[in-house]
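Given next are the chains, with one letter for each unit.
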Amino acid sequence: FGKDIQGAMINVAKKNLKTSEFNVEIKAEDLISSTVKAYHDLLLSEESVKTVRFSLTLAQNILKEVQAKIDAGVMAPFEIYKAEAEVAKREEALLNAENALRDAVDTLRVIVNIDQWDVGIELSTPDIPVNALPDLKDALSTAVSYRSDLRHAFIEKEKREILTRFYKNQVLPDLKVFGTVGLTGLSGTRSDSIDRLSEGHDRNWQIGLSLQIPLYQRTAKAEYLKAR
């Protein structure tokens, strides 16, 4: 009884619309998250190249020192191989780091939709937070309030509750009250009938009850069980 059941599918459609809005938010959050991650990956790759390049410089300096000691006769000649191997190892690490840097730049280009592959990317210096850590309880509350997937779950729960009430109603007997009223023109000729119709002399009234009692309702019961 009432309009809730009659408007159930409208309310479900409204919930679906809200769900679609949340899906858009989730996509936007994923894009923002991937952009931030790509930024930090690129920042880390740049620092890694600097570190490996500095390490290569140290290995090259050690190689020069070893060569000088060998020339001076204070070190065995075979020690040069260890120093050269270390330089080669650092050179390989530098090549890998530079490749990773190029990959990180390309990833960021794709995310921010830069189609000019010859354009370099120069990162700004990230802001280092200097404030104290936020209160854990407030931080968790704020995080939960912005979780689109959690809000999506609540909307989905409300939608399923609407469908459960709707399909439960479908297995019940259906009692309808109906009434009609109308005008007719009852006379011996067509013109007289039209005149009596326009004057409202002959009225028809009808009122009654219509009761439908389901016998099996297997489909409705199945839908109700599925919704529940």
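Shown above is the structure to which this text applies.
Everything in this summary refers to the structure shown in the same document. Since we're looking at a predicted model, the values are computed, not measured.

Here the focus is the overall build of the protein. A count of helical and extended segments in the protein gives seven helices and two strands. Reading the protein from its N terminus to its C terminus gives the helix and strand order α-α-α-α-α-β-α-β-α. The C-alpha atoms of the protein give 40 Å as radius of gyration, which overshoots the globular expectation for 228 residues (17 Å, by more than 25%). By its C-alpha atoms, the protein is 140 × 40 × 40 Å across when sized along the principal axes. Once local pairs closer than 6 in sequence are excluded, the contacts in the protein between residues at least 24 apart make up 72%.

The subject of this paragraph is helix 7 (residues 218-227). Every buried residue of helix 7 is listed here: A220, Y224 and A227. Projected onto a plane normal to the axis of helix 7, the buried residues spread over an arc of 65° and lie on a single side. Exposed residues lying more than 90 degrees from the buried face of helix 7 are R218, T219, L225 and K226. On its buried face, helix 7 sits against helix 5 (148-170).

With that settled, the discussion passes to the packing of helix 5 against helix 7. Working note: a packed helix pair is described by the angle between its axes plus the distance between those axes. The N-to-C vectors of helix 5 and helix 7 enclose an angle of 155°; their axes lie 8 Å apart at closest approach. By the angle between their axes, helix 5 is roughly antiparallel relative to helix 7. At the point where helix 5 passes helix 7, the crossing takes the left-handed sense. Residues R160, L163, T164, Y167, K168 and Q170 of helix 5 form the contact with helix 7, whose own contacting residues are A220, E223, Y224 and A227. Here the contact of helix 5 with helix 7 is built from residues that sort into five nonpolar, two polar and three charged.

Put simply, helix 2 (residues 8-72) and helix 5 touch, their axes get as near as 9 Å, and they point 165° apart. Relative to helix 5, the element helix 2 lies roughly antiparallel. Relative to helix 5, the crossing made by helix 2 is left-handed. Considering only residue class, the contact of helix 2 with helix 5 consists of 10 nonpolar, six polar and nine charged.

We now examine unusual backbone geometry. One non-glycine residue, N113, lies in the positive phi region at around 65°. The topology assignment puts N113 in the loop between helix 3 (79-111) and helix 4 (136-145). Taking relative accessible area as the criterion, N113 reaches 67% and is therefore assigned exposed. One non-glycine residue, Q217, lies in the positive phi region at around 55°. The topology assignment puts Q217 in the loop between strand 2 (202-212) and helix 7.

Now for a nonpolar patch on the surface. A grouping of L175, V177, L209, L211 and I213 is seen on the molecular surface, where their side chains present a nonpolar patch of about 560 Å² in accessible area. When contributions to the nonpolar patch are tallied by element, the ones reaching two or more residues are strand 1 (174-184) and strand 2. In this fold, L209 is placed in strand 2. For L209, a relative accessible area of 62% corresponds to the exposed category.

Here a ring pair, both rings aromatic, is described through the centre-centre distance and the interplanar angle of the planes. Taken as a whole and judged by the stated rule, the model has one aromatic pair. The ring of Y216 carries R218 above its face, with NZ or CZ at 4.7 Å from the centroid.

Parameters at a glance
- Residues numbered from 1 in each chain as written.
- Predicted model: local features only at pLDDT ≥ 70, side-chain atom pairs only at ≥ 80, totals over all residues.
- Heavy atoms only, no water.
- Helix = DSSP H or I, 4+ residues; strand = E, 2+ residues; numbered from the N terminus.
- Rg over C-alpha atoms; globule rule 2.2 N^0.38 Å.
- Contact = heavy atoms within 4.5 Å.
- Buried < 20%, exposed > 50% of the residue type's maximum accessible area, 1.4 Å probe, protein only.
- Arc of directions from axis to C-beta.
- Axes fitted to C-alpha atoms, helices over the stretch in contact; angles between N-to-C directions.
- Parallel < 35°, antiparallel > 145°, perpendicular 65-115°, else oblique.
- Left-handed = near helix turned anticlockwise from the far one by under 90°.
- Nonpolar A, V, L, I, M, F, W, Y, C, P; charged D, E, K, R; others polar.
- Patch = residues over 30% accessible without salt bridge, like charges linked within 9 Å, V, L, I, M, F, W, Y side chains within 5 Å.
- Areas by Shrake-Rupley, 256 points an atom, 1.4 Å probe, with all protein chains shown as cover.
- Salt bridge = Lys/Arg side-chain N within 4 Å of Asp/Glu carboxyl O.
- Phe/Tyr/Trp six-rings, centres within 6.5 Å; stacked < 30°, edge-to-face > 60°.
- Lys NZ or Arg CZ within 6 Å of the ring centre and 35° of its normal.

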